[in-house]
Structures are given as structure tokens and as C-alpha cells.
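Read off the chains here:
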Amino acid sequence: MSIAKGPVAPGNAGSPACSRQENGTGRRQIMLKVVDLYKSFGGIQALAGVSFTVEKQSITGLIGPNGSGKSTCFNVISGFYSKDGGEVYFEGQKIGNLKPFEIARGGIGRTFQIAEAPEKMTVVENLLLAPKDQTGEKIFNVFFKGTKIKQETGEFLKKIDEVLNLVQLNHLRNEYAGNLSGGQRKLLSLARILLFDPDLILLDEPTAGVNPTLINDLVEAIQRLRDERGKTILLVEHNMRVISRICDKVIVLDSGIKIAEGTPKEIQNNEKVLEAYLSGSSKKQLFHEDTGS
Ligand SMILES: Nc1ncnc2c1ncn2[C@@H]1O[C@H](COP(=O)(O)OP(=O)(O)OP(=O)(O)O)[C@@H](O)[C@H]1O
Ligand SMILES: [Mg+2]
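Residues numbered from 1 in each chain as written. Chains lettered and ligands numbered in written order. Predicted model: local features only at pLDDT ≥ 70, side-chain atom pairs only at ≥ 80, totals over all residues.

Caption draft 1: Quick peek at the pairing of strand 8 (residues 232-236). For strand 8, the tally of buried residues reaches 5 of 5 residues, placing the bulk of the element in the interior. For strand 3 (residues 59-63) and strand 8, the ladder comprises 4 bridges, and the chain directions are parallel. Its bridge partner lying in strand 8, G61 is registered against L235. Two elements, strand 7 (residues 200-204) and strand 8, share 5 bridges in a ladder whose sense is parallel. Of the residues in strand 8, the one forming a bridge with L203 is L235. With respect to chirality, the unit in which strand 7 leads through helix 7 (residues 212-227) into the neighbouring parallel strand 8 is right-handed. (Buried ≥ 20, exposed ≤ 12 C-beta atoms within 10 Å, placed from the backbone. Helix = DSSP H or I, 4+ residues; strand = E, 2+ residues; numbered from the N terminus. Pairing = 2+ DSSP bridges. Right-handed = clockwise from strand over helix to strand, strands pointing away.)

Caption draft 2: Just the site of ligand 1, in detail. Around ligand 1 sit F41, I44, A46, G64, N66, G67, S68, G69, K70, S71, T72 and Q113, and that is every residue in its neighbourhood. Here the shell around ligand 1 gets 3 residues from one element, more than from any other, and that element is helix 1 (residues 70-77). Its residues assigned to classes, the shell around ligand 1 comprises 3 nonpolar, 8 polar and 1 charged. (Near = placed C-beta within 6 Å. Nonpolar A, V, L, I, M, F, W, Y, C, P; charged D, E, K, R; others polar.)

Caption draft 3: Structural view of the pairing of strand 7. The buried fraction of strand 7 amounts to 5 of the 5 residues, a majority that puts the element mostly inside the structure. Here strand 7 shows no split at all, with L200, L202 and D204 on one side and I201 and L203 on the other all buried. Two elements, strand 6 (residues 108-110) and strand 7, share 3 bridges in a ladder whose sense is parallel. Within strand 7, the position partnered with I108 by the bridge is L200.

Caption draft 4: Highlighting the confidence of the model for the protein chain. Put simply, the protein chain has an average pLDDT of 83, and 77% of its residues get 70 or more. Contacts of residues 6-18 to residues separated by more than four positions or lying in other chains number 30 contacts, the stretch itself having pLDDT below 50. (pLDDT = per-residue confidence, 0-100. Contact = placed C-beta atoms within 7 Å.)

Caption draft 5: Examining helix 7 more closely. Between its terminal C-alpha atoms helix 7 stretches 23 Å, which fits the 22 Å expected from 16 residues at 1.5 Å a residue. Every buried residue belonging to helix 7 is among L218, V219, A221, I222, L225 and R226, and all of these are buried. Projection of helix 7 onto a plane perpendicular to its axis shows the buried side chains occupying an angular sector of 160°, all on one side. (Expected span 1.5 Å × (residues − 1). Arc of directions from axis to C-beta.)

Caption draft 6: Here's a closer look at the nonpolar core. Core analysis: the largest hydrophobic core is formed by 67 residues, its most contacted members being V167, L188 and A191. In contact with L188, not counting residues within four places along its chain, are A115, A117, V123, N126, L169, A177 and L180. (Core = buried A, V, L, I, M, F, W, Y, C linked by C-beta atoms within 7 Å.)

Caption draft 7: Structural view of the sheet that holds strand 3. With mixed pairing, 6 strands are arranged side by side in an open sheet as 6-7-8-3-9-10. Sheet topology places strand 6 and strand 10 (257-262) at the edges, where each strand pairs with a single neighbour. Geometrically, the sheet is characterised by an average inter-axis angle of 20° between neighbouring strands, direction not taken into account. The sheet contact formed by strand 9 (residues 249-254) and strand 10 spans 5 bridges and is antiparallel. The partner of V252 across the bridge, within strand 10, is A260. (Axes fitted to C-alpha atoms, helices over the stretch in contact; angles between N-to-C directions.)

Caption draft 8: Spatial organisation of the sheet that holds strand 2 (residues 44-55). Judged by pairing direction, the sheet is antiparallel, and its 4 strands sit side by side in the order 2-1-4-5 without closing on themselves. Looking along the sheet, the strands with just one partner apiece sit at the ends: strand 2 and strand 5 (93-94). Here 2 bridges tie strand 4 (residues 85-90) to strand 5, and the two strands are oriented antiparallel to one another. Bridge pairing in strand 5 places F90 opposite Q93.

Written out as C-alpha cells, the structure reads:
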């Protein structure tokens, strides 16, 4: 079984600006629906009946204290972990039992909390590994279809330039990935998934370890993905300034349970949320100071 969208075409990240999608009643269409999701690891209940929706062309924040189940939720949605119960719907189709590559090809791209990249390859070489279904993939073609491969690679390099500009890594294009900082590797992993032009992008702590001056650029890039390219983003993030600045809606997990959902402002004043994060006099600082990760 696979999602109807079929193979993901490399490139095409530069689709024209689009307006937010509504269903005619003024409500936004739902792109992702998570229903009553359960996942445990031995005695640890990482997800205990989590349900939420993500609207099309929105940025939804998924927050919660360390160990509250955010990455597990991403791993289940993207097919890296099997679920114990519940269901995940993407564009109305059940995807809860699909394999990670089927989900990725169906239009869901994700980054990982810890970004990995082949160290002895440059930034550009890392990104050249990304495209699928290219003529050069089969060794036979390398010998007999050289011109076509050169043409495809040239087009793909243009796409790589565009994506590297978006994530502010173009100046490091010929640097070995092994010499990049943790934050720069995160930007590289974001660039890699953008090459696949996913409709829904799951970002796991994209700003953790990123230089504060770069965070601003990254936040603007994420906003542009929504506003100019019509992407939908689900964002795990500990940096509350980032959450309140760009999220349309925020979902809060604590010990595998959804404890709150609302606008950043509503969440900011929610007692349960404040209690889950912090205690006593410091709790008002939740949305005014970065918590780190
Ligand atoms: N592969 C695994 N094996 C065993 N336990 C796991 C595994 N993955 C997650 N857990 C446990 O599940 C719980 C939720 O972990 P998860 O990584 O989803 O939290 P998180 O909200 O992403 O936390 P953080 O903010 O620290 O990244 C934790 O208790 C964690 O130790
Ligand atoms: Mg995590």
C-alpha cells in the first residue's frame, strides 16, 4: 500500500506563491490527523492516546518538556517507529502502517533531532546524494547516457543553489560536512529534505545548536516555506521565542499526553503548561526566555 502522490520529483521547491487553503467554510483544510496514538518502550509510555490535527499551509508547534514524547510522535508519523495503537491520516489517507520511504515519497519530509551527514563529502556532494529516479542512478546509464546525466546534474545543481541560499549555507557549499557545526548540519539536513519538495515538513528542534544570528534567518526561511511555497510545517522546538513568533497553533505534550492546544498566546497563559515546564516564580518566563534543549 502506498500514498497516492507517487514518486517525489527532485526539485520543484520553487513553486509559485500560494494563498492559504480553505475549504469554503473559512476553515483551513486538515493535512495531518493523528488519532489516539499509543507507543510504549518496555515500561515507558511515550505516547498515551495523543490526538491532534495540522492544518494545510500552517506552522504547528509541538512542544513539551524533555521526554514528553515529541520525537516519538515524529518517529511514528514518519514510519520509523510502529505504533501500538491509534491511526495517522495524511491528506485523508491512513498512513499508520506504511514504511518510512513510502511516507517520504507520499510527501512528508522530516529532519532528525541529531543531524548526520557523510563527513568526507562536501555540502554539495551530500545534497547530490539526495535525488531519486535520476538517469545516473543505474551504472549502465553512466556509460551510455552521459549527456543526459550531465544535463540533469546541472539542473539539480541549480536547485541545490536555491535551497542552500534558503538555509544560508551557500558560503559553505565546498566545505566537508565533517567540518560543519551541529547547527550547520541541521541546516544541511533541512536543505536535503527541501530538495524532495515535501508537502508536510516535520522539523525536530531545527534551531538547537544553531548560532543565534542564524536562528533569525532560519525562522524567516521556515515562514517563507509556508507563505511563499504553501508548505505545511510541524515543528518541535524548545526555543519559545521561535514558537511564539511563527506558530499558528501549538500542541503541548507532557508524559505522552496532550495537555493543551491553542495559539501561542493561549498556551503562554495556560496553567497546566506552565506547571509542566517550570515551577514557582520562574514559570512566567516560559515565553520570554529560551529554555535551551
Ligand atoms: N527508542 C527508544 N527506546 C526506548 N525508550 C525510548 C526510545 N525513544 C524514546 N524513548 C523514551 O520515550 C520517552 C519520550 O521520548 P522522546 O524522545 O519522544 O521525547 P522528546 O519529547 O522528544 O524529548 P526531548 O525534548 O528531550 O527531545 C522518553 O522517556 C524516552 O526515554
Ligand atoms: Mg526529542
